[in-house]
Amino acid sequence: MFARLRSSAPVTPVITPEGVRAWLVTRYEDVRAALADPRLAKDWVAHMTPEDFDINVDPVQAYLDQHMLNLDPPDHTRLRRLVVRAFTPRRVASLRPRISGITGELLDTMAAGPDETDLIEAFAFPLSVTVICELIGIPVDDRKLFREWSETLLSSRGTREEARTAAVEMHAYFTHLVGKRRRSPADDLLSALIAARDSGDSLSENELLSMMFLLLVAGHETMLNLIAGGVLALLTHPAELKRLREDASLLPSAVEELLRYANPLNHATERFTLEPVTIGDTTIPAKEWVMLASASANRDPSRFPNADRLDVGRDTSGHVGFGHGIHYCLGAPLARLEGEIAFDMLLSRFPELALAVPESSLRWRASSLIHGLEVLPVQVR
């Protein structure tokens, strides 16, 4: 579908599963430029009115949405500065032993279990959620709740009532956790943000709760889908899997290629036009939603020759799997490290890893934003 759109309608109006009109942009050159275009804004609370929306905006969900990914400068700059220190290359590198330890424990459990297992349930989800929970300071024991809330909020099949219930429960959970951590601070990102909030460092209570929502959901969803989608890509491209097994030096480039090829996200989070904006040969009117299809851009042959072929040694520079511009993913160093460790240890531990079902039987989650499998049954022996 993306290939057809890039060829015949690279900027086209669409209706989302939620019934909202938006403009879908699919060519690499257009997507990358638009990701850094200040005329495409994020802060809909500041610039949009209820009349600008095709659907009513729920106040509880809107409350959780006021995080830095939905803000423009200077608010975006202020909030990003508060958390960026937790994701510097040096800070992330210090997490290697712990990430390796979590990975090893999960692989041990898989090895002691049945020959067939769901790689998402047994490995991809617990690894991704444990790492981000420990970094932020969220109890890992509550991870099943996080998964249910996240899947509900990101689903295109659920009802508005289900999404609102999930948002209300998440809001209540984070409110309780913040209060608890205020009374008993710890050495984690949440405690640091609470200290910044309480010292008057330009962080409101609303922004604090929204930040927790963003870091938790984005922090585990992207990694979960990179691992599962990446493993599927490797298992269905045995020559590239063999190449990676035989040359561990390819791991960094393989992670970048799997980000480009498997695409944990279908598109970047939504933006809207502040004024009429021309993209390609199409002028999008003011106050219109825009969806930048990163999954399509990463498969554009004008930027990546033989783009539909997996190549773990490919030069993937410029891929937009982590976005581009001021909203470039601040968790990219963590995702890269986690991906390298996960693929390296998984493939080493299970040299006969294979799909347990036909690829055609696999189902993808019903989400316009998330590109992720529902389950990934594999043979581990």
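Everything that follows concerns the structure shown earlier in this document.
All figures in this text were calculated on a predicted structure; none of them were measured in a lab.

What counts as what
Residues numbered from 1 in each chain as written. Predicted model: local features only at pLDDT ≥ 70, side-chain atom pairs only at ≥ 80, totals over all residues. Heavy atoms only, no water. Phe/Tyr/Trp six-rings, centres within 6.5 Å; stacked < 30°, edge-to-face > 60°. Helix = DSSP H or I, 4+ residues; strand = E, 2+ residues; numbered from the N terminus. Buried < 20%, exposed > 50% of the residue type's maximum accessible area, 1.4 Å probe, protein only. Disulfide = S-S within 2.5 Å. Salt bridge = Lys/Arg side-chain N within 4 Å of Asp/Glu carboxyl O. Pairing = 2+ DSSP bridges. Contact = heavy atoms within 4.5 Å. Axes fitted to C-alpha atoms, helices over the stretch in contact; angles between N-to-C directions. Core = buried A, V, L, I, M, F, W, Y, C linked by side-chain atoms within 4.5 Å. Parallel < 35°, antiparallel > 145°, perpendicular 65-115°, else oblique. Left-handed = near helix turned anticlockwise from the far one by under 90°. Nonpolar A, V, L, I, M, F, W, Y, C, P; charged D, E, K, R; others polar. Polar contact = N/O pair within 3.5 Å; in protein donor to acceptor, adjacent residues only side chain to side chain. Lys, Arg positive; Asp, Glu negative; His and termini not counted.

Turning to the packing of aromatic side chains, a few remarks are in order. Going through the model one piece at a time under the given rule, you end up with seven aromatic pairs. When the centroid spacing of 5.6 Å and the interplanar angle of 75° are considered together, the rings of F272 and W289 count as edge-to-face. Of the two residues, F272 sits in strand β5 (residues 271–273) while W289 sits in strand β8 (residues 289–292), which places them 17 residues apart along the sequence. Taken as a pair, F272 and W289 share a single burial class, namely buried.

Per the counting criterion, the structure on display carries zero disulfides. In this structure C133 is not part of a disulfide, and its nearest cysteine sulfur, from C329, lies 17 Å away. The class of C133 is buried, set by a relative accessible area of 0%.

In the segment running from P73 into P74, the intervening peptide bond is cis, with an omega of 5°. As for its position among the elements, P74 is in the loop between α4 (59–64) and α5 (75–83). Even without being a glycine, N263 presents a positive backbone phi close to 50°.

Quick look at the pattern of salt bridges now. In this structure the tally under the stated criterion is 20 salt bridges. Of the charged contacts, one joins E246 and K242 as a salt bridge, the two residues approaching to 2.7 Å between their closest N and O atoms. A residue pair is termed a helical-turn pair when its members lie 3 or 4 positions apart in one helix, as E246 and K242 do in helix α13 (residues 238–246) at four residues. By relative accessible area, which is 58% here, E246 ends up exposed. With its nearest N and O atoms 2.8 Å apart, the salt bridge here joins E257 to R260. One end of the pair, E257, and the other, R260, are both in helix α14 (residues 251–262), three residues apart, so they sit about a helical turn from each other.

Moving on, we get to the sheet that holds strand β3 (residues 40–41). With mixed pairing, the five strands of this open sheet are ordered in space as β1-β2-β8-β5-β3. Here the strands that pair on one side only, and so sit at the sheet edges, are β1 (11–15) and β3. Here β1 pairs with strand β2 (residues 21–25) via five bridges, running antiparallel. From the neighbouring strand, V11 faces β2, where its bridge partner is V25. Each of β1, β2, β3, β5 and β8 is contacted by helix α2 (residues 28–35), which is oriented at about 120° to β8, the strand it contacts most.

In terms of nonpolar packing, the biggest core is built from 95 residues, with F123 and L376 touching the most fellow members. No other element matches helix α12 (residues 205–235), which puts 19 residues into this core. When residues no more than four places from it in sequence are discounted, the contact partners of F123 are T103, L106, L107, M110, I227, A342 and L346. In this structure, L40, V277, I279 and F304 belong to the second largest nonpolar core, which totals 18 residues.

Here we take up the packing of helix α7 (residues 96–112) against helix α8 (residues 119–136). A pair of packed helices is captured by two measures, namely the crossing angle of their axes and the spacing between those axes. Running from amino to carboxyl end, α7 crosses α8 at an angle of 155°, the nearest separation of the two axes being 10 Å. With respect to each other, α7 and α8 are oriented roughly antiparallel. Crossing angle aside, the handedness with which α7 passes α8 is right-handed. Contacts from R98, I99, I102, T103, L106, L107 and M110 in α7 reach L119, A122, F123, P126, L127, T130, V131 and E134 in α8. Its residues assigned to classes, the contact of α7 with α8 shows 11 nonpolar, two polar and two charged.

Moving on, we get to the environment of S317. Among the structural elements, S317 can be located in the loop between α15 (294–297) and α16 (332–349). A C-alpha to C-alpha distance of 8.4 Å links S317 and E256, two positions 61 residues apart in sequence. The contact partners of S317, leaving out residues within four places of it in the chain, are R303 and F304. Within the structure, the side chain of S317 is placed 2.8 Å from the side chain of D315, a separation counted as a polar contact.

Looking now at the environment of V290. Here V290 lies in strand β8. The class of V290 is buried, set by a relative accessible area of 0%. C-alpha separation for the pair V290 and V11, spaced 279 residues apart in sequence, amounts to 9.5 Å.

Attention now goes to the side chain of R80. With respect to the helices, strands and loops of the structure, R80 is situated in helix α5. It is D72 that comes nearest to the buried, bridge-free R80 among opposite-charge side chains, at 12 Å. Sequence-distant contacts of R80, that is, excluding residues within four places in its chain, are made with M68, I326, H327, Y328, C329 and L330.

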